[in-house]
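Structure at a glance
Here are the chains, one letter per residue:
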Amino acid sequence: MQMRSDDRLIAYLDGEVDVSERREIEAWLDSDPAARDKLAALAQSAALVRSAFDEVMHEPLPDRLIAAARGERVSAEPSAKIVPLRRGPGTGKAPAARSWWLGLPLAASLFGLLLGGSVAYLSVAKLLPGGIGGKQPAVEMAAADNLWLDNAVGYFKLAASAGDGALVDVPATGDAREAWQKISQSLPQEVRWPDLNLKPWGLNFRGARLVVADGRPAAQLMYTTDNKAIGPLTLIIGSSKEPDTPPTLARRQDVNLLYWRHQGRAYALVGQTDVGYLWGIANDVAWQLDAI
Amino acid sequence: MSLSQRLGSQNLAEAPVHLIAGRDPVSIRFGDQLIAVLPRLRRFARGLTGSAVEADDLVQAACERALARQHQFQEGTRFDSWMFRIVQTIWIDQVRSRDVRKEGGEVAEDRMGSDEAVRRVEARLALGEVRRAVDRLPPDQRTALLLVTVDGLSYKETAEIVGVPVGTIMSRLARARIALQQQLESGGGMRRSTDNANAQ
């Protein structure tokens, strides 16, 4: 079938012509400046169309679609809440709104210490797997789970909102491994530093700080990348006396978490990237740390 | 192939099924596959409907239909193509039932966004012109354009999703690309959009 000239150029651009036809079209392009201009214009408009719809790919997935994909109804899962510094006798008391502190990176370090200090005195129950829409655990256990997950989200948001100005205990200036060794020494167990600046992720280690996870000291590692579809990300590595739990997906507000416990350590990978990336990065973390 | 295409489905498909406790492994894998392809489905649906809300409604409906008919999915065939087909089928049904076929450059105002403030901001973005130009295309041309030019599927894969011969896809795509280019050039969108894209 003899194609029209436009059809041929478009098929050529799309890589949908065979070898002989490609040669024929290239000979035509060599001899016809108007055809070359047409080809350039078509290529430009195709690139524009791709750009016009590219931002959708970088948006966080709505909860309702994740729930629909899993065959679940959108759960009334509590959103991330600020952890109260003191627990009053009435546990049903509404927690303080959390949005007010998100823009206060200067207070982040102090806030983290206070938060961690209070959480350390709370009894942390066994973390139940279940993920999004999973079985609702008992009230007290759910409260403990929420503390752990809410803290992880809170730490992430503090780091993300501060950007390059995020307060860290050990900055990753110079040799990142040396920075990690310093923070690792503050932990009861030696843990290794996962390098995520490899393969497709390109996540740069920006520093680490001491936080509290599962009621114990932990390290929060911060990673950033120019690829907004992936970063920023934080990884919390701490110690835990709780039984192993498999990696479980959870979501708080617009933040995705993948958390698990393994051989005395607790992990939480946190970010606004989609869960596909999160699984992939968690696989790399697990492979490097032998953590799953 | 985009990064998410390569990584999303690959990692989820290879994720050990025991990773989420207490769930049926088959359902977990199916759900994970669905989640991995959601960004692409949303982009496709956004292009089809021209509306973020309608697009997510469409994708949600597609997820529900896919789960109800997961027994019909044949292992070894492409999951993403199957999902694109479901999205496209539901959308065509919606278009027919609403009788909102748009021809001759007619633009449905409600597709431009219901929020006036959002619309004003959108109008100032040059890439918004490109999206509106896509929205003016007839449904069959828009579908071909989104699957081939935006998502990078081959003509053959697109033909299988849409259920027409490859030659028909080629023809629809050519008409779409030419019409799009003419619209952008006549509206000055090509120049401004290029500037905008370069600035990003």
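Residues numbered from 1 in each chain as written. Chains lettered and ligands numbered in written order. Predicted model: local features only at pLDDT ≥ 70, side-chain atom pairs only at ≥ 80, totals over all residues. Heavy atoms only, no water.

**Some details on the overall build of chain B**
The condition is simple: Helix and strand labels come from DSSP, where a helix needs a run of H or I of at least four residues and a strand needs a run of E of at least two; each type is numbered from the N terminus. Each residue is assigned to one of three classes by its accessible area relative to the maximum for its type, calculated with a 1.4 Å probe on protein chains only: buried under 20%, partly exposed between the two thresholds, exposed over 50%. Using a 1.4 Å probe, the Shrake-Rupley method yields the accessible areas, and only the shown protein chains count as cover for residues.
Summing up its helical and strand segments, chain B has 10 helices and 0 strands in all. Counting from the amino terminus, helix and strand elements in chain B follow one another as α-α-α-α-α-α-α-α-α-α. Here chain B, with 200 residues, has 50% of them falling under the buried criterion. Within the structure as shown, chain B displays about 9,100 Å² of accessible surface, and the carbon and sulfur contribution to it stands at 49%.

**A word on the overall build of chain A**
Put simply, the rule reads: What makes two residues a contact is simply this: any of their non-hydrogen atoms within 4.5 Å.
Along the backbone of chain A there are 9 helices and 7 strands. Put simply, chain A has 292 residues, and 50% of those count as buried. Taking all contacts inside chain A whose residues are at least 6 apart in sequence as the whole, residues at least 24 apart take part in 61%. Just so you have it, chain A exposes about 13,900 Å², and 52% of that area is on carbon and sulfur atoms.

**Considerations on the pattern of salt bridges**
If the charged atoms of two oppositely charged side chains come close together, the side chains can form a pair. As a reminder of what qualifies: Salt bridge, as used here, is a side-chain nitrogen of Lys or Arg placed within 4 Å of a carboxyl oxygen of Asp or Glu.
Scanning the model with the defined rule gives 17 salt bridges over all chains in all. In this structure, R70 of chain A and D32 of chain B form a salt bridge, with 2.9 Å as the shortest nitrogen-oxygen distance. Separated into two different chains, R70 of chain A in the loop between α5 (63-69) and α6 (108-120) and D32 of chain B in helix α2 (residues 25-49) make up a pair that spans both. With respect to burial, R70 of chain A and D32 of chain B carry one shared label: buried. For D140 of chain B, the salt bridge goes to R172 of chain B, with nearest N and O atoms at 3.5 Å. Here D140 of chain B, found in helix α7 (residues 139-150), pairs with R172 of chain B, found in helix α9 (residues 166-187); they are 32 residues apart in sequence, far enough to count as distant.

**So, the packing of helix α1 (residues 5-13) of chain A against helix α2 (residues 19-31) of chain A**
Residue and element names in this part refer to chain A. Defined as follows: Helix axes are fitted only over the stretch in contact, all axes being lines through C-alpha atoms; the angle between N-to-C directions runs from 0 to 180 degrees. We call two directions roughly parallel when the angle between them is under 35 degrees, roughly antiparallel when it is over 145, roughly perpendicular when it lies between 65 and 115, and oblique otherwise. Handedness of a helix crossing follows the sense of rotation of the near helix relative to the far helix, less than a right angle counterclockwise being left-handed and clockwise being right-handed. Polarity classes work like this: nonpolar for Ala, Val, Leu, Ile, Met, Phe, Trp, Tyr, Cys and Pro, charged for Asp, Glu, Lys and Arg, and polar for all others, with Gly in that last group.
The geometry of α1 relative to α2 is characterised by a closest axis approach of 11 Å and an angle of 115° between their N-to-C directions. Judged on the interaxial angle alone, α2 and α1 are roughly perpendicular. With respect to the hand of their crossing, α1 and α2 are arranged in left-handed fashion. The residues of α2 that touch α1, namely those facing S5, R8, L9 and Y12, are E21, R22, E24, I25, E26, W28 and L29. Of the residues in the contact of α1 with α2, the class split is 5 nonpolar, 1 polar and 5 charged.

**Observations concerning the packing of aromatic side chains**
Residues and elements named next belong to chain B. Stated precisely, the cut-off is as follows: Here a Phe, Tyr or Trp ring, Trp counted by its six-membered ring, pairs with any other such ring whose centre lies within 6.5 Å, and the pair is stacked when the planes are under 30 degrees apart, edge-to-face when over 60, and tilted otherwise.
According to the stated counting rule, one finds 8 aromatic pairs over all chains in the structure shown. Ring geometry for F30 against F79: centres 5.4 Å apart, planes inclined by 90°, an arrangement best described as edge-to-face. Pair noted here: F30 is in helix α2 and F79 is in helix α4 (residues 79-98), with a separation of 49 residues, a long-range link. Considered together, F30 and F79 belong to a single accessibility category, that of buried residues. When the centroid spacing of 6.0 Å and the interplanar angle of 45° are considered together, the rings of F79 and W82 count as tilted. Of this pair, F79 and W82 are both found in helix α4, 3 residues apart, which corresponds to roughly one turn of the helix.

**A few points about helix α9 (residues 275-289) of chain A**
All names here are of chain A. Cut-off, in case you're wondering: One less than the number of residues in a helix, times 1.5 Å, gives the span that helix is expected to have.
If you check α9, its first and last C-alpha atoms are 20 Å apart, about what 15 residues at 1.5 Å a residue would give, namely 21 Å. By the criterion of burial, α9 is predominantly enclosed, with 13 of the 15 residues buried. Note on α9: the residue one or two positions beyond its end, D290, has a positive phi of about 55°.

**A look at the pairing of strand β4 (residues 233-239) of chain A**
Residues and elements named next belong to chain A. Worth spelling out the cut-off: In this scheme, strands are said to pair when DSSP sees at least two bridges between them.
Burial within β4 is extensive, with 7 of its 7 residues counted as buried. Neither face of β4 is exposed, since L233, L235, I237 and S239 on one face and T234, I236 and G238 on the opposite face are all buried. Across 6 bridges, the pairing between strand β3 (residues 216-224) and β4 is antiparallel. Its bridge partner being in β4, M222 is matched across the sheet by T234.

**What about the confidence of the model for chain B?**
Just so we agree on the cut-off: Every residue gets a pLDDT, meaning the predictor's confidence in that residue, from 0 to 100.
Per-residue pLDDT for chain B averages 73, and the proportion of residues at 70 or more is 64%. Below a pLDDT of 50 lies the segment residues 191-200 of chain B, which in the model reaches 15 contacts outside its immediate sequence neighbourhood of four places, other chains included.

**Let's talk about the pairing of strand β2 (residues 204-213) of chain A**
Residues and elements named next belong to chain A. Extensive coverage of β2 is indicated by the burial of 7 of its 10 residues. Sheet topology note: the strand β1 (residues 170-171)/β2 ladder contains 2 bridges and is antiparallel. Paired with P171 across the two strands is G207, which belongs to β2.

**Things to note about the environment of R216 of chain A**
Residues and elements named next belong to chain A. Positionally, R216 belongs in strand β3. C-alpha separation for the pair R216 and A266, spaced 50 residues apart in sequence, amounts to 9.7 Å. Apart from the residues lying within four places of it in its own chain, the contact partners of R216 are V211, S239, S240 and K241.

**Concerning the sheet that holds β3 of chain A**
All names here are of chain A. A sheet is described by the order of its strands in space; here 7 strands give the open sequence β1-β2-β3-β4-β7-β6-β5, paired in antiparallel fashion. Edge strands, defined here as strands with exactly one partner in the open sheet, are β1 and β5 (245-252). Judged from the 7 bridges that link them, strand β6 (residues 255-262) and strand β7 (residues 265-271) form a sheet pairing that is antiparallel. By the bridge assignment for β7, N256 is matched with G271. Where α9 meets the sheet, its contacts fall on β4, β5, β6 and β7, and the angle it forms with β6 comes to roughly 25°.

**Quick look at the side chain of N256 of chain A**
All names here are of chain A. Heads up, the condition is: Here a polar contact is taken to be a pair of N or O atoms separated by no more than 3.5 Å, where protein atoms must pair a possible hydrogen donor with a possible acceptor and residues adjacent in sequence count only if both atoms sit in side chains.
Mapping N256 onto the fold places it in strand β6. Polar contacts involving the side chain of N256 include one to the main-chain carbonyl oxygen of T273, which spans 2.8 Å. Look past the residues within four positions of N256 in its chain and what remains in contact with it is A250, R251, L269, V270, G271, T273, D274, V275 and L278.

**Topic: α1 of chain A**
With 7 of its 9 residues buried, α1 of chain A lies for the most part within the structure. Within two residues after α1 of chain A, G15 of chain A carries a phi angle of roughly 70°, on the positive side.

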